[in-house]
Every structure is written in C-alpha cells, then in structure tokens.
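Listed below, chain by chain, are the residues.
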Amino acid sequence: MKKIATLLLAAGLVFGAATGASAIDFKAKGQWIMSFDYGMNGNFTGGNGQTGYNGKEDEFEANQRVRLQLDAVASESLSGTVFFEIGKNTWGKANNDKNGNGGGGALGADSSEVIKLKNAYLDWIVPQTDLKVRMGIQGMALPSFTTGSNVFNDDVAGITASYQFNENVGVTALWARPWNDNYANTSDHDGNHNNFMDNVDVAALLVPLTFDGVKVTPWVMYAAIGPNAFRDKDGYFNNFSGTSGKYARAGMIPAGGARHKDGSYASNKVGEYGNAIWAGLTGEVTMFDPIRIAWDFNYGSASYDQSRLNRSGWLASLLAEYKLDWAIPGIYGWYGSGDSNDPADGSGRMPSLSVNNNNNGFSNFAFNGNPYIAREATLGYSMAGTWGVGARLKDMSFLEDLKHTFRVNLIGGTNSPSMAKKLVRNGVAANGVLDTGVNTSANNLGMDPLYMTTEDYAMEVGLTSTYQMYENFTIMLDAAYLATWLDQSKSVWGNSKMNGKSDEVRDPWNVNLSFVYSF
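The residue numbering used here restarts from 1 in each chain and proceeds along that chain's sequence as written. This being a predicted model, a pLDDT of at least 70 is required before a residue's local features are given, and a value of 80 or more before pairs of side-chain atoms are given or counted; all residues contribute to the totals for chains, interfaces and linings. Where side-chain values are given, they derive from all heavy atoms of the structure, hydrogens and water being excluded.

A short note on the confidence of the model for the protein
- The quantity known as pLDDT measures the predictor's confidence residue by residue, on a range of 0 to 100. Per-residue confidence for the protein gives a mean pLDDT of 91; residues scoring 70 or more make up 93%.
- Low pLDDT, under 50, characterises residues 435-441; the stretch is placed with 10 contacts to residues that sit more than four places away or in other chains. Contacts: residue pairs with any heavy atoms within 4.5 Å of one another.

What follows is the structure, encoded as structure tokens:
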C-alpha cells in the first residue's frame, strides 16, 4: 500500500506541476475484483501425472485485480488519462508468470512486479473542428455487433482520429505499433542487427453509418510485419513478446508453423516484411423493435516470403434476439473457414492479431468472453476454424437486482481431418502438446487451445448470474461445462498424445464466484 500511495502522490504532483494556474478537473474511476475459481480438465486431458486445472493452475484458485483510472480534464477539448492495473494477483503466489500475471500474493505481499500501466493517453480536439484525436497507449478494437472483434481488440500504443460528418456518417482512422525493438541476437552480425526490421505497424479505417433503425460499419485494416518482429536467437516466430503475445502466436501463422506437404517441419525463416490485410462489414437492424438482428463478416490474409507461413480465411456470425419484459431470448450461429489437407499451403483460417480485451457475446468459457478475470478461452481465443449454433436467454430477471444468462452452444471444427493426421504424425496433439523429441519451438504455434477438425464437436452449457447488491457492488456466479467429442480414430487424433503420453480426453468445467466493486 505504501508503493501505491507513493505512486498516486507522485502522479498528483506531476499533474499539479504541469497545470500551473489552470483549472483542471480530476476524475477518478476504478474497479476491485475478488475472484474464486474451481474447475478441472482445462486442457482437455488428464493423467500422466498431470495435476490441477490444466497443469499450470490448481483446481481451486483465488485471484484479485485492481484498476485505477485518473482523468485530468482541462476542457471538453483537452484531457489526459492514466490507467494503472494492479494484478491479477494469485493468492499465495510470489512471482509473476511469463505473461506478467499472478505474482504479489505470497506472505508479506509488497511485490514490485504487480503495478502495471494499462493505458496512458491524451485526448484533444482540433480547434474549430469536430476532429477528435487520441494519442498514446489505449484500448483499440475493430467493430462488431455480435461476438466482439475476432481480429483485433487490445491495449496498444498508437493514434486514433475520428470525425462525425453528420448524424449519419462518421469516420475513424487509426495507426498502432504493437511490436518494435524487441529483437536481440548477439549471433546475428555480432548484434549489429538488434532491433533491425522488427516492427509491426497497423493502420485501419472505419466508416460507421447510422440510420433510423439500422447501423452498418465497413472497415479495413493493414499490418506490416517485420521479418525479425517475432525472432530471437533460436529462430523465427519464437518471440511473441508482451502480455498479449500468445494471441498473435496462435492467430498469425499456420498450425505448427511452416510445414511440408507430409506435415514435417520446414524452415520458418523470413527475410522480408510480411503483409496482412483484413476487411469487414458489421451491422445491426433494430427498426423492428423488440426484434434485433445483428451480423459480422470478416476476411483476413497474412502473407510472408516463406509461403508455407501464409494464412487467410473468413469468419461470419449472425444473431437474432427478441426483447421481453423478463429476458432477451436469442439464437445465433457462426462459421469460420478452416485448414485444407495440405500443410504446405499454409492455413485457411482467418488470421488475428489479438482478442485480449474481447468479451465474446456468445460464450463465457469456450471463447474469450468472461467480463472479469475468471477462466475463459478454454477452446479458442478467436472463433477461427470453428462453426457453431447456439441459443441463450439473456438478462433473465424474476427478482429485483438479480439477473441470469443461460446459454447452450454446439461447436464444431472446420479444419481437415487429414491436416490433424499429419500434425499427429509429426508429434503435435489437438491441444498443442508436443511429443518428446519434436521441435519444441513449434509448441502451440498457430494453434488455439484446441484445434478442431470437421470430425470434432463440443457442447458448451453455461449459466451466469449477477446480483447487484449495491449500486457499485456486483456479485457474479458463473458456471460452465464443455462436453467434447474428438475423433479418436487412427485417421484423426487416435495416435496423438494430449497429456504427453496418451490421447486421453476429459471435459473441461469451471465455476467462478466474483465480487466486483466499481466506481
């Protein structure tokens, strides 16, 4: 607490010194979360000495996180924001994991690792215009009216500019630099190439259109990917740095990296900038209220000078819901293109940069959908390479301040079973676990937590209940079960070693209880 107090005092002194005689309005926001999880089989297997939820966490875990945001508002045309995040802290755990989470919860606390900068940006308006500019580390997300963006939704350093032409037409442009200066290799020209050609730069254009009862947003995004952006001393695509690196590791290249036609490992070496482009059309129709219809369509392609690393595909989703006095029943579905039977062709799944901040509207547990810090993304970070249909009863309420959301999803894969067979033949299992003696740098490369073929299925059943005890205090109970049917025939996953020894499959489940104070 001394460190936190010192940090806030220092921030206050900086703002005080900078403002001088100007009148600045300071506004504070924050959120405290205390979260308790109990579950099993988080990586779809067990046995072979594996313990805990997924071999990394205990079956029962207690976590907490604090977020503090301070806005310094000079006028409607100028303000600055700093947003600190403390945790998440796993109770009893001393040090952070490789993603910068979990530490500071052991006896004595006082860890220097737990206080992190989440956002720090400047908002200003160009004088005599309606052009709004935001510069700095900020949350950026591509538009979606159904699931949240399955392409890009995260905190990143960059600039956004938005302009509203009239009540019907607006435009937003952005530039971001998610990676730069992370390559260090003393064996590469004696280190003279450190930080050389290792940037990733992103630019996007969004055009939100709003009419009576209809909203539509076309958008396009481009990324230039330096050949050393994800490189380290051991090779290419080994260093996806940052706390969100795992999302790009899963989303930007094919399963297992570059592969020959028989699935054996090929070189990941690249020497030129890669190019990635995405485009989409998302919208909703509310003119038939209480009926709401929403959709997303996304296409993406990432290409490299090593063509075996290329990845391109599409993802579409559709939602129809009807608002009643006591609930909002809805039905929905999605479909994403999948991999062919030829690993040398690269991947047929849609690429994605990061969905770290996404709260998937269709799923709290299978995909990246929990609004707090409960376990999520058990099956996939994005929905690429899968199809699904589902139904939900959203915001059911029979008692004041108590709401429930019940959902059932049937999920399948769209990847070729022959691709799975070739991955298994070369030591890669459905959950990305590698057989011993295989190139370990390929572990989980280009793969979500579960790689699903057209012969694999899962059913998610979930219930989320929220109780608004006070105006700023919410208690959430979330329970989910993910039943799986993976094809364990010899032609698909039958010879894989999901637990490192055998193909034993177990169904994941989890119960989370969260206490949330927001102001």
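That covers the picture; the talk isn't over yet.
Topic: the pattern of salt bridges
- Salt bridge criterion: a side-chain nitrogen from Lys or Arg within 4 Å of a carboxyl oxygen from Asp or Glu. Under the defined criterion, the tally for this structure stands at 14 salt bridges.
- Two residues, D201 and R177, come together in a salt bridge whose shortest N-O distance is 2.8 Å. One end of the pair, D201, is in strand β8 (residues 200-206); the other, R177, is in strand β7 (residues 170-179), with 24 residues separating them in the sequence.
- Salt-bridge contacts for E504 lead to R506; the nearest nitrogen and oxygen are separated by 2.7 Å.
- Among the charged side chains, a salt-bridge network with shared partners connects E284, R292, E321 and R392. Where helices and strands are cited, they refer to DSSP runs of H or I of at least four residues and of E of at least two residues respectively, numbered from the N terminus.

Re the side chain of S35
- Along the chain, the position of S35 falls in strand β1 (residues 25-40).
- One polar contact links S35 to N512, side chain to side chain, over a distance of 2.8 Å.
- Sequence-distant contacts of S35, that is, excluding residues within four places in its chain, are made with E61, A62, N63, I373, A374, N512, L513 and S514. Think of a polar contact as two N or O atoms within 3.5 Å of one another; within protein, one of them needs to be a possible hydrogen donor and the other a possible acceptor, and neighboring residues in sequence only count if both atoms come from side chains.

A short note on the packing of aromatic side chains
- Ring geometry is summarised as follows: Phe, Tyr and Trp rings, the Trp one being its six-membered ring, pair when their centres sit within 6.5 Å, and such pairs are stacked at plane angles under 30 degrees, edge-to-face over 60 and tilted between the two. In the structure shown here, the tally under the stated rule is 21 aromatic pairs.
- Joined through ring pairs, the aromatic side chains of W179, F230, F237, F240 and Y304 make up one cluster.
- By the criterion adopted, a ring carries a charge over it if an Arg CZ or a Lys NZ lies within 6 Å of its centre and within 35 degrees of its normal. When the ring centre of Y53 is taken as reference, the NZ or CZ atom of R375 above it lies at 3.9 Å.

Some thoughts on the nonpolar core
- Ranked by internal contacts, the top residues of the largest apolar core, which has 67 residues, are M221, F237, M252, W278, Y304 and L379.
- Contributing elements (two or more residues each) for this core: β7, β8, β10 (214-225), β11 (274-285), β13 (311-322), β14 (328-336), α3 (417-425) and β18 (473-485).
- Apart from the residues within four sequence positions on either side, W278 is in contact with V151, W219, V220, M221, A223, M252, Y299, G300, P351, S352 and L353. Nonpolar cores were defined as sets of buried Ala, Val, Leu, Ile, Met, Phe, Trp, Tyr and Cys residues, with membership established by side-chain atoms within 4.5 Å. Per-residue accessibility, obtained with a 1.4 Å probe over protein chains only, is compared with the maximum for each type, and a residue is labelled buried under 20%, exposed over 50%, and partly exposed between these values.

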